[in-house]
Amino acid sequence: MTDVTTVEWIRPAAFHAAEGLEDWRVLGEGACAYFRTGSFAAGAGLVAALAELPGTGDGCPDVDVREDGVTVRLISAAAEHYGLIRAHVEMARQVSGAARSLGLTADPSALRGVQVTLDALDMRAVTEFWRALLGYEYRAGSPEDLVDPRRRGAAFYFQQLDAARSQRNTVHVDVWVPHDVAGARVAAALAAGGRLVSDADAPSLWILADPEGNEACVGAAGVPG
């Protein structure tokens, strides 16, 4: 686990503002890049190249290899913080350089992150139930977040309710997408029968509902400006 006293944490906007990170987008709390490979063997080749980069190891980067591409995620955890550090900027550049050396290109539009949000009256009791059921762990520094210890499953976030709710659902899905495709994703959801509940926080957050009123949020981290 990263020692919070020895690193410089940065916000998504600062990461996006750095030069040489065109391949990368911040989704929620981590920076991600997706490289199209066309084969599992080519993806394995990229992973081998990443293993030779300085600074890799100790849980970073996260790498997901599939037949058609490789997703790389940069995130660090500490006792009081969970997110991006300044060192991720240079690591992202090196990852992109390794991919280019193998003739691979990035497709930021293919990235997304999913989080399940539950509203609860008794936060502790509800959170403990889901922690036991999922086999998840509390996210570093937050009693309101559960994460997959293998960092593969969707994160769960818990919001405090002041009173029982009967008119709205208490479970919804948050979908994190690159800031430059968020508007198109919202438009697609509305065209598919969705309804706009609120765009008060756009272009960082939209609240939508499906045709039966079940809500979902579309989030974009580090929107320029």
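The residue count restarts for each chain, going from 1 along the sequence in the order it is written. Local features in a predicted model are, by the rule used here, given only for residues with pLDDT of at least 70; side-chain atom pairs are given and counted only at 80 or more, and totals for whole chains, interfaces and linings are based on all residues. Side-chain numbers come from the whole structure's heavy atoms, not from hydrogens or water.

Asks: I would appreciate a short explanation of the sheet that holds strand β11 (residues 145-147) in the present structure.
Replies: Strand-to-strand pairing in sheets goes through backbone hydrogen bonds, with the strands running parallel or antiparallel. Any two strands with at least two DSSP bridges between them are considered paired. Here a helix means four or more residues in a row that DSSP labels H or I, a strand means two or more in a row labelled E, and each is numbered from the N terminus. Read from one edge of the open sheet, eight strands run β10-β11-β12-β9-β13-β16-β15-β14, paired in mixed fashion. This sheet does not close on itself; its edge strands, each paired only once, are β10 (137-138) and β14 (195-201). Pairing of β14 with strand β15 (residues 205-209), which is carried by four bridges, proceeds in the antiparallel orientation. Bridge pairing in β15 links Leu-196 to Leu-208. It only takes one pair of heavy atoms within 4.5 Å for two residues to be counted as in contact. Between the N-to-C directions of two axes lies an angle of 0 to 180 degrees, each axis being a line fitted to C-alpha atoms and, for a helix, fitted only over the stretch in contact. Sheet strands in contact with helix α4 (residues 123-134) are β9 (113-120), β10, β11 and β12 (155-160), and its direction is about 170° off that of β12. In this fold helix α5 (residues 182-191) packs onto β13 (171-176), β14, β15 and β16 (215-219), with an angle of close to 10° to the strand it touches most, β15.

Asks: Help me out: how do you make sense of the layout of surface pockets in this one?
Replies: If a probe the size of a water molecule is rolled over the atoms, the empty space left behind becomes visible. Here the term cavity refers to a set of points on a 1 Å grid, laid over the protein atoms alone, in which a 1.4 Å probe fits but cannot get out; the term pocket refers to an open set having protein on both sides within 12 Å along at least five of seven lines, with lining residues being those that place an atom within 4 Å of a point. Grid points are joined across faces, edges and corners, and a volume is the space filled by probe spheres set on the points. What the largest pocket holds in volume is close to 1000 Å³. Along its surface, the largest pocket is lined by 30 residues, and Arg-73, Arg-112, Gly-113, Arg-151 and Arg-152 are the ones closest to its centre. Elements supplying a minimum of two residues to the lining of the largest pocket: β3 (30-36), β4 (62-65), β5 (69-74) and β9. In this classification, the charged set is Asp, Glu, Lys and Arg, the nonpolar set is Ala, Val, Leu, Ile, Met, Phe, Trp, Tyr, Cys and Pro, and all remaining amino acids, among them Gly, are polar. Split by residue class, the lining of the largest pocket holds 13 nonpolar, six polar and 11 charged.

Asks: Just checking my understanding: could you explain empty space enclosed by the protein for this structure?
Replies: Taken as a whole and judged by the stated rule, the model has one cavity of 30 Å³ or more. Roughly 30 Å³ of internal volume is contained in the largest cavity. Glu-29, Gln-115, Arg-139, Asp-145, Leu-146, Val-147, Ala-155 and Phe-156 are the residues that line the largest cavity. If you list the elements that add at least two residues to the lining of the largest cavity, you get β11 and β12. The biggest single contributor to the lining of the largest cavity is β11, with three residues.

Asks: It is not clear to me how unusual backbone geometry should be interpreted in this structure. Could you clarify?
Replies: Both trends apply: most residues other than glycine have a negative phi, and most peptide bonds are in trans. Across the junction of Ala-202 and Pro-203, the peptide omega takes the value 10°, indicating a cis bond. Along the chain, the position of Pro-203 falls in the loop between β14 and β15. Positive phi values are uncommon outside glycine, yet Arg-151 reaches one of about 55°. Tracing the backbone shows Arg-151 in the loop between β11 and β12. Using a 1.4 Å probe on the protein chains alone, a residue whose accessible area is under 20% of its type maximum counts as buried, one over 50% counts as exposed, and one in between counts as partly exposed. Residue classification places Arg-151 among the partly exposed positions, given a relative accessible area of 31%.

Asks: Hey, could you run me through the pairing of β12 in this one?
Replies: With six bridges connecting them, β9 and β12 associate as parallel partners. By the bridge assignment, Asp-119 is partnered in β12 with Gln-159. Strand direction decides the pairing type here: β11 and β12, joined by two bridges, are antiparallel. In the strand pairing of β12, Leu-146 is matched with Phe-156.

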